[in-house]
Amino acid sequence: MTRAPVRLGAALLLAASAWIGAASPQEDVREAFRRVLARPEATARMTIERSDPFGGAPSRERGSLWLLPGRGLRYRSSERGGQELVIDRMRETFLLYSPSEAKVYRAPYSRAPARLRRLIAEPDRFLSADLAATVERRTVRGGAQDGYRIRSGSLGDSLPEVSVWMARDARSGLPHWVTVSSPTDTVWIEFRDWTLSPKASPADLKLGAPEGTPESPLDPRELLRGEGRESR
Amino acid sequence: MPVAESGAKARAHFLASYAGGEPASRGAGALSLLHGDVRDGTLDVRWATEAESIVVVGYVGPVRALDVTFLGDSLFVALRPMELGLAGPVLADEGLGPRGLRFLARPWDFSPPWIRSAVEHGTVEPWGDGWRIAGVLIGEGTSPFSLELGAKGAPLRLRIGGSGGRGTLVTIRYGEPRSYRGGSMPRWVEWDRGPSTVRLAIDEYSRPRPSRLRHSPPADPEWTLLSLDDPRSRALLRRFLSIGADETDP
């Protein structure tokens, strides 16, 4: 549900952080992420492909991303019945619209995934984190891609067995591929048609749900309120 | 498959098709939760089974939202968007116990000896255009069942009563059989319980090598993890499955 943007955030975070204090290629990629994260607004089309953990055919979803560093982000699937997500720091909201259910799930900003909140609230931190990166060529959709493997577990909140790889677009130099791999599956995120705007448009963070769409709380842990929690 | 001429032949056809055993399987489909006429949500699901292990992964679009891992009598449920995990053993004296829950998770596989034996020893009688087998499932307790078959011996509906004959534990409906790469299977399966229905539309079904089965990754360290016997876990599962507080767990 909210995991695609989480992966996206983690990927951007990990990849962007990898290029600090390194050789020239790393500086180039660092610059690629800086160009996205330092702008008031960046938009892109995305294709998210996920492998089947049991060996079947992968699933694929296309969508669009609006990223307003410091303010929020919006992801809208372009698939039939696909979902839309908005995280708005200024409005203190975290919204998920499910057209197939004709329902908007609402939660406070603090309930948004931590990695995404960090991406929104602290883009500078993304660009200054210290991660080791190594040059690695991978085959993506049948073609060889030069990119960089990011050391996993370098961030305190990353799963130790998750690895991230990214590649820049050869023409624009902007992020093109980000992959996130766990022992059970891999997610490929392809960014296309980046648009970097000199001015942020907060209206781009407006959820596309029709007026009057019923709302529900997003977090079932509401059910657990008042009874204390066990965390580990 | 031809129309069965007798109840015994219908049962034999059924057992030959649905009780041959499923050492390992892989499938994909759409899982919908309905409450009355209202659809509460749909997940794309992929699952794999191997011997007594079942792993289910649920997606919203390409996004992984749910993991269920059932190994032996241990169950782990991860609700990823909520960063919440439920874990613990399924108790033998609860509902149909772990093996009953395993059967309910893949109710097209009637090969477990206790299930097959119950079907073999049930009474058969004509029912509509087909047949009905009635008997008792003997586990930790005894649960009456009735299995309705079509004229050709395909399953239509399975009703399992509560232990000691108290009410209905669950009713399972089966769609028309379809040929998949892994063999013949119902096009869909529905689990009915009170006003709630869970429907699985089956798109893919195959029988890969058992070694293809992988288990769910561990939970993130910051997740909330609850024991299955924690009242909050119970409340959550009941809420998701729309089970009333006074009803028996399946």
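About the criteria used
Residues numbered from 1 in each chain as written. Chains lettered and ligands numbered in written order. Predicted model: local features only at pLDDT ≥ 70, side-chain atom pairs only at ≥ 80, totals over all residues. pLDDT = per-residue confidence, 0-100. Contact = placed C-beta atoms within 7 Å. Pairing = 2+ DSSP bridges. Helix = DSSP H or I, 4+ residues; strand = E, 2+ residues; numbered from the N terminus. Axes fitted to C-alpha atoms, helices over the stretch in contact; angles between N-to-C directions.

So, on to the confidence of the model for chain A. Summarising the model, chain A shows a mean pLDDT of 78, and 74% of its residues fall at 70 or more. When the criterion is pLDDT under 50, residues 14–22 of chain A qualifies, and its contacts beyond four places in sequence or with other chains add up to 34 contacts.

Let's shift gears to the sheet that holds strand β3 (residues 72–77) of chain A. Residues and elements named next belong to chain A. If you trace the 12 strands from one edge of the open sheet to the other, you get β7-β8-β9-β10-β11-β1-β2-β3-β4-β5-β6-β12, paired in mixed fashion. Sheet topology places β7 (133–140) and β12 (215–217) at the edges, where each strand pairs with a single neighbour. Averaged over all neighbouring strand pairs, the angle between strand axes comes to 25°, with direction disregarded. With six bridges connecting them, strand β9 (residues 163–168) and strand β10 (residues 175–181) associate as antiparallel partners. Counterpart to S163 in the pairing with β10 is S181.

In low-pLDDT segments, the atomic positions of the prediction should not be examined closely. Scored by pLDDT, chain B comes out at a mean of 84, with 84% of its residues at no less than 70. Here the predicted complex scores 0.75 on pTM and 0.72 on ipTM.

The subject of this paragraph is the pairing of strand β10 (residues 155–161) of chain B. Residue and element names in this part refer to chain B. Note: strand β9 (residues 142–149) against β10, five bridges, orientation antiparallel. Note that in β10 the partner of L147 across the bridge is L158. Adjacent in sequence and paired antiparallel, β9 and β10 are bridged by five residues, among which G153 carries a positive phi angle near 95°. As judged from the five bridges shared by β10 and strand β11 (residues 168–174), these two strands associate in the antiparallel manner. Note on β11: the bridge partner recorded for G161 is T168.

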